[in-house]
Amino acid sequence: MTTDLGMPLSPSGAPGATGTAGVPRLADGTALTKKDFTSDQEVRWCPGCGDYAILAAVQGFLPELGLKRENIVFVSGIGCSSRFPYYLDTFGMHSIHGRAPAIATGLAATREDLSVWVVTGDGDALSIGGNHLIHALRRNVNLKILLFNNEIYGLTKGQYSPTSHVGQVTKSTPLGSLDTPFNPVSLALGAEASFVARTMDSDRQHLTSVLRAAAEHRGSALVEIYQNCPIFNDGVFDVLKDRTEAAARILHLTDGEEVAAGDNVVVRDDRGSLDVVPRADADPSRIVRHDVSAADPSAAFALSRLDSPDLGHVPMGVFRNVQRPTYDDGLREQIASAQTNEITDADIDALLAGRDTWTVGNPAGS
Amino acid sequence: MSTKLVQKLDRVVIRFAGDSGDGMQLTGDRFTSQTALLGNDLSTLPNFPAEIRAPQGTLPGVSSFQLHFADHNVLTPGDAPDVLVAMNPAALKANLRDLPRGATIIVNTDEFTKRNLSKVGYAESPLDDGSLESYHVHPVALTSIAVEALASFTDLTRKEKERAKNMFALGLLSWLYTRPMDGTEVFLKAKFADKPVILEANLAALRAGFNYGETTEDFSVSYEVAPATMAPGTYRNVTGNVALSLGLVAAAHRAHLPLFLGSYPITPASDILHTLAGLKRYGVATMQAEDEIAGVGAALGASFGGALGVTTTSGPGLALKAETIGLAVSLELPLIVCDIQRGGPSTGLPTKTEQADLLQALFGRNGESPVAVVAPSTPADCFEIAVEAVRIATTYRTPVIVLSDGYLANGSEPWRLPRTAELPDITVEFATEPNATDDKGEPVFHPYLRDPETLARPWAIPGTPGLEHRVGGIEKADVTGNISYDPDNHDHMTRLRQAKIDGIADTIAPLEVDDPTGDADVLVLGWGSTFGPIAAAVRLARIAGARVAQAHLRHLNPFPANTGEVLRRYERVIVPEMNLGQLALLLRARYLVDVESHTSVRGLPFQAGELADVIATAVASLSDAHLKETAQ
């Protein structure tokens, strides 16, 4: 249930508006290139880091938006992934640990004309910054949040993260991690996220298509990107990078299509959740067709629960993409509908005076 | 027309006290408003428990509101009430020790039941055992008379009728001190516009209280306090939190910046959030964040985008915001952080006042992390200090911490309205063009190229073509803003950030000393909300013949440039503070002057009488010493 606040909708907040409505576009016939988005800073990730591939994909994708470069902002927290803004020739802020969604919220709320992106990692977003992440998603601020998940702390040199597996041996868990990991997609869906997707550093085409959908979406978009840390957690997603293995394991989420991987297909089971079974054994009436815009997030949540620690089955793609009012549009609309005129000195004088004044003597000018 | 005697007074201190649910804050507020409209100068002190509803009738549940009004300039809410309105035994017991002998006590006898008396440890009613014989006690069955007055309201339950007893008390006090009630009637009509029966009942109780005073023989005299002589102008009564909110709005208007508040509810700062949330018409955006950190983070994000980013909090919240304020220091962006101080440490005394966050404001961050710190001295001064904070933040591209406190936040005084057009012009200019050229002669933008005078870096907001750049919390190379781990650069940048804050002293007024005889040997120096009590104490000491000088700091970082010179001019410098000597520590360290601390952390403002004694003792000891020298 929603409450109709009875507010006039601004053009950029109108139903069906895209994520970049209200952001100035390049003049017709002009376009930017990947080079225009490449800053002069030397990239300092470890050789072989998955971040390089993501950076290249983002730099390659941004020109596609057709936006003015100066109206794009990347805000990050702390961690390896959070160095990202330095390497993009846009406006950027490398902030403090976990706080990027909060900072980006203030920016997006006050600047309708910006395309605001958050770059974060599993430690930054889900551990120290968990609170800000869930609240940004709940509010549905028009932010695109790229969560690089490598299931380890890289910058601090190899401690376990909130997505590390139970039993994972790291510098801070020599006898194995005891913590149950977060599933970032389930967490985001539980936080009322209106757009949630998962993709992978090495699959540029898929990554780009997810970025495109995220940018198109008006509201918070959480994109989990599986990313390899070659130093502290090397090869954690390797089985998904092998063509044969991937075909059997990756459950592609395509709107309107059956959810399947290789010979297996996803069906509704008797307990109201989902199961992966051989297609030959599946009751055709129970095979799940993906509905990305289902109003009820339960179906998307059930899909997110198909993850298994051994990566036996991994749903990839857009889990959920629904329209609902965004916080920043709502805030602007409340202000716009309250404002009746350009505020003058006389308006401020009246505000300062309030309703209970008295006059002493004969004030100058009156 | 009254046939009773009307006596003229020059000043009165009234304290309304009752259970948290008795509506004493509202009663005090309304009496204050009536008094303000009459033209008296005034000062107020609300004092209430942190619990929303402590157990009824108990000492922890007592809520009070004190008002000092006079026909002359008023500096404090008054040390001791002349009149106590006690709505129950707990209110009497909790406040009696503050009452001088001879004070008037109006008690609601209906609440002096065996049960209520025993709740607060009275074996026998103090109304009957003679223990109040040094006071003028007026026992009034406030509740039952109010209920009786509402007999014709058949739709109302007895409980609902009882609730109007505070309006009955207000009516009685309005008669006693000859206050017009029109304003309160208008207020009630607006408050209960949707509840006509409740409105009529409240109006009836109010008038019944007034008429009771007029007719009962218990009150034979009523009083008048003539309007104070005040500078010509239009006035309103204002609390510190409202003045601070209005100051932020006016300053944003003068700076031509949209105002964005990111805040998390916390006592005693929440009223600023409430006030600003109601000012959307003025373009004010407010966001109730998920926590203190998000509040300041969102404000900083808004500043990055070219808005005036503001966050409001109290001590525990300031602790949580420390890291983000440090980021703002590194980013060199404007940010206003309002800390409405309360008793600490930890949760401390949420509804009581203290000024013990000074060192936290100055030094409560990692690394060398200087920020500007200012403090208002009175409730109305909160307006001017907000404008000053915005001027500093936008001119120097720095966080500014405003140190108000619970006493200023909830206390009120008449405020002579400024004219918006006469406020300082603090128009901000964003960077619009590249400010340098690269090796190839191409125009480039250097985000950390400074203004030679203010040392401020350009405020280059997203959306400005050609100025794309990245900022962050990692140390940056001077000028280019690129990441730099170079030792010399870090030393240079650390000193630059400090020099920028120190340089603010060039644009702040010198510390003014009030020394009417020009030959005082003792200086009393304060900061923040102690201004009123110190000024009142100095006034008392001077009346008693002491030669004493007074000065008050509104800028705590940097200090006014002449501070050291002022301190060295006096043989003794007394620094009263509601902490254990934080300003004194700073002054001693910075100026090597042997200042003397006088401190109190009782959750309440200083009493003028107490400070006057401290001053008199200091002055007398010097006179004795001088006499001895002369004798030798």
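Residues numbered from 1 in each chain as written. Chains lettered and ligands numbered in written order. Predicted model: local features only at pLDDT ≥ 70, side-chain atom pairs only at ≥ 80, totals over all residues. Heavy atoms only, no water.

### Some details on the side chain of D357 of chain B
Residue and element names in this part refer to chain B. Going by this rule: Numbering of helices and strands runs from the N terminus, with a helix taken as a DSSP run of H or I at least four residues long and a strand as a DSSP run of E at least two residues long. For every residue, the accessible area (1.4 Å probe, protein chains only) is compared with the maximum for its type, and the residue is labelled buried under 20%, exposed over 50%, or partly exposed between those bounds. As used throughout, the charge tally considers Lys and Arg to be positive and Asp and Glu to be negative, leaving His and the chain termini uncounted. Between Lys or Arg on one side and Asp or Glu on the other, a salt bridge is scored when a side-chain nitrogen of the former is within 4 Å of a carboxyl oxygen of the latter. We call two residues in contact whenever any of their non-hydrogen atoms come within 4.5 Å of each other.
Here D357 is to be found in the loop between β13 (335–341) and α13 (358–363). No salt bridge is formed by the buried D357; the nearest opposite charge belongs to R342, separated by 7.7 Å. Discounting chain neighbours no more than four positions away, the residues touching D357 are G315, D339, Q341, L403 and Q582.

### So, helix α2 (residues 89–96) of chain B
The buried fraction of α2 of chain B is high, at 6 of 8 residues. Looking at the buried side of α2 of chain B, the elements it contacts are β2 (11–19), β4 (62–70), β5 (83–86), β6 (104–108) and α3 (114–119) of chain B.

### Here's the deal with the nonpolar core
Generally speaking, nonpolar side chains in soluble globular proteins are found buried as a group. All names here are of chain B. The line we're drawing: Grouping buried Ala, Val, Leu, Ile, Met, Phe, Trp, Tyr and Cys residues that are joined through side-chain atoms within 4.5 Å yields what is termed a nonpolar core. Those domain boundaries reflect an automatic or database domain assignment.
Of all hydrophobic cores here, the largest spans 154 residues; its most connected members are I336 and L525. Top element by residues in this core is helix α14 (residues 381–396). It accounts for 10 residues. The residue makeup of this core includes at least three contributed by each of domain 2 (236–422) and domain 3 (513–631). Apart from residues lying up to four places away in sequence, L525 is in contact with L511, A551, H552, L553, L567, V573, I574, V575, P576 and L587. Formed by 47 residues, the second largest nonpolar core is a distinct cluster that contains F31, L156, L170 and M181.

### Looking at the packing of helix α2 (residues 100–110) of chain A against helix α4 (residues 130–139) of chain A
All names here are of chain A. Going by this rule: Helix axes use the C-alpha atoms of the stretch in contact, all axes being lines fitted to C-alpha atoms, and the angles between their N-to-C directions lie in the range 0 to 180 degrees. When residues are sorted by character, Ala, Val, Leu, Ile, Met, Phe, Trp, Tyr, Cys and Pro go into the nonpolar class, Asp, Glu, Lys and Arg into the charged class, and all the rest, Gly among them, into the polar class.
Contact geometry of α2 with α4 gives a least axis separation of 7 Å together with a crossing angle of 35°. Along the contact surface, α2 presents P101, A102 and T105, while α4 presents H132, L133 and A136. Residue composition of the contact of α2 with α4, by class: 4 nonpolar, 2 polar and no charged.

### Re the sheet that holds strand β12 (residues 357–360) of chain A
Within a sheet, each strand pairs with its neighbour through backbone hydrogen bonds, oriented either parallel or antiparallel. What counts, and what does not: One bridge is not enough; two strands pair if DSSP finds at least two bridges between them.
Reading across from one edge, β12(A)-β9(B)-β16(B) is the order of the 3 strands in this open sheet, with antiparallel pairing throughout. A single partner strand is all that each edge strand has here, and the edge strands are β12 of chain A together with β16 (412–416) of chain B. Sheet twist, expressed as the average angle between the axes of neighbouring strands with direction ignored, equals 35°. Note: strand β9 (residues 233–239) of chain B against β16 of chain B, 5 bridges, orientation antiparallel. Bridge assignment links R236 of chain B to a residue of β16 of chain B, and that residue is W415 of chain B. Against the sheet, helix α9 (residues 240–255) of chain B makes contact with β9 and β16 of chain B, and its axis sits at roughly 115° relative to β9 of chain B, the strand it touches most.

### Points about the UniProt feature "domain: Thiamine pyrophosphate enzyme TPP-binding" (unreviewed entry) in chain A
Stated formally: UniProt positions are given in the numbering used here, feature names are shortened, and annotations may be inferred rather than shown by experiment.
In this structure's numbering, the residues bearing the UniProt feature "domain: Thiamine pyrophosphate enzyme TPP-binding" (unreviewed entry) are residues 78–225 of chain A. As annotated, residues 78–225 of chain A has a helix share of 32% and a strand share of 20%, and its two end C-alpha atoms lie 17 Å apart.

### With respect to the environment of P181 of chain A
Residues and elements named next belong to chain A. Relative to the helices and strands, P181 is located in the loop between β4 (143–149) and α5 (184–190). Classification of P181 as partly exposed rests on a relative accessible area of 28%. For the pair formed by P181 and H165, sequence separation is 16 residues and the distance between their alpha carbons is 6.1 Å.

### A look at the packing of aromatic side chains
Describing an aromatic ring pair means giving the distance of the ring centres and the angle of the ring planes. Going by this rule: Here is the rule: rings of Phe, Tyr and Trp (six-membered ring for Trp) pair when centre to centre is within 6.5 Å. Planes less than 30 degrees apart are stacked, more than 60 are edge-to-face, and the remainder are tilted.
Counted under the stated rule, the structure contains 18 aromatic pairs over all chains. Taken together, a centroid distance of 5.0 Å and an interplanar angle of 80° make the contact between W45 of chain A and Y87 of chain A edge-to-face. On the criterion of sequence distance, the pair formed by W45 of chain A in the segment before α1 (50–61) and Y87 of chain A in the loop between β1 (72–76) and β2 (91–94) is long-range, its members being 42 residues apart. Of the two residues, W45 of chain A and Y87 of chain A, both sit in the buried class. Relative to F219 of chain B, the ring of W175 of chain B has its centre 6.3 Å away and its plane inclined at 70°; by these criteria the two rings are edge-to-face. Here the residue W175 of chain B occupies a position in helix α6 (residues 165–176), and F219 of chain B occupies one in the loop between α8 (196–215) and β8 (221–225), the gap between them amounting to 44 residues. Owing to a relative accessible area of 4%, W175 of chain B belongs among the buried residues under this scheme. Chaining the aromatic ring pairs together yields one cluster made of W45, Y52, F61, F74, F84, Y87, W117 and F148 of chain A.

### Observations regarding the pattern of salt bridges
Residue and element names in this part refer to chain A. Enumeration over the complete set of coordinates arrives at 37 salt bridges over all chains. Measuring nitrogen to oxygen at the nearest pair gives 3.2 Å for the salt bridge that ties D201 to K241. Residue D201 is found in the loop between β5 (195–200) and α6 (204–216), and its partner K241 is found in the loop between β6 (221–226) and α7 (243–249); the two are separated by 40 residues along the sequence. A residue is classified by how much of its surface remains accessible, and K241, at 33% relative accessible area, is partly exposed. A salt bridge links E258 to R279, with the shortest nitrogen-to-oxygen separation between them at 2.9 Å. Here the residue E258 occupies a position in the loop between β7 (250–253) and β8 (260–261), and R279 occupies one in the loop between β10 (274–278) and α8 (298–304), the gap between them amounting to 21 residues. The partly exposed category is assigned to E258, whose relative accessible area is 26%. Because the salt bridges share partners, they merge into one network encompassing E112, R218, D328, D329 and R332.

### Let's talk about the sheet that holds β5 of chain A
Sheet architecture is open: 9 strands sit in the order β7(A)-β11(A)-β5(A)-β6(A)-β4(A)-β3(A)-β1(A)-β2(A)-β19(B), paired in mixed fashion. Looking at which strands have only one partner, the edges of the open sheet turn out to be β7 of chain A together with β19 (470–472) of chain B. Averaged over all neighbouring strand pairs, the angle between strand axes comes to 20°, with direction disregarded. Of the strand pairs in this sheet, β1 of chain A and β2 of chain A are connected by 4 bridges, and their pairing is parallel. Bridge pairing in β2 of chain A links V75 of chain A to M93 of chain A.

### Quick notes on the domain arrangement of chain B
The parts lose accessible area when they come together, and the size of an interface is often stated as this lost area. Residues and elements named next belong to chain B. Threshold: Two parts placed together each lose some accessible area under a 1.4 Å probe, and the buried area is that loss summed for both.
Taken domain by domain, chain B holds domain 1 (5–225), domain 2 (236–422) and domain 3 (513–631). Each of domain 2 and domain 3 has a C-alpha centre, and these two points are 28 Å apart. Both sides of the domain 2 and domain 3 interface together cover about 2,100 Å² of buried area, and 61% of this is carbon and sulfur. For the pair domain 2 and domain 3, the number of links is 1 salt bridge. The partner of D381 in a salt bridge is R554, with the nearest N and O atoms 2.7 Å apart.

### Remarks on helix α4 (residues 142–149) of chain B
All names here are of chain B. Stated precisely, the cut-off is as follows: The arc under discussion is defined with respect to the helix axis, by the directions toward the C-beta atoms.
Considered for burial, the residues of α4 that qualify are L142, T143, A146 and V147. Take α4 and look down its axis: the buried residues cluster within an arc of 125°, on one side only. The inward-facing, buried residues of α4 abut β6, β7 (136–140), α5 (158–162) and α6.

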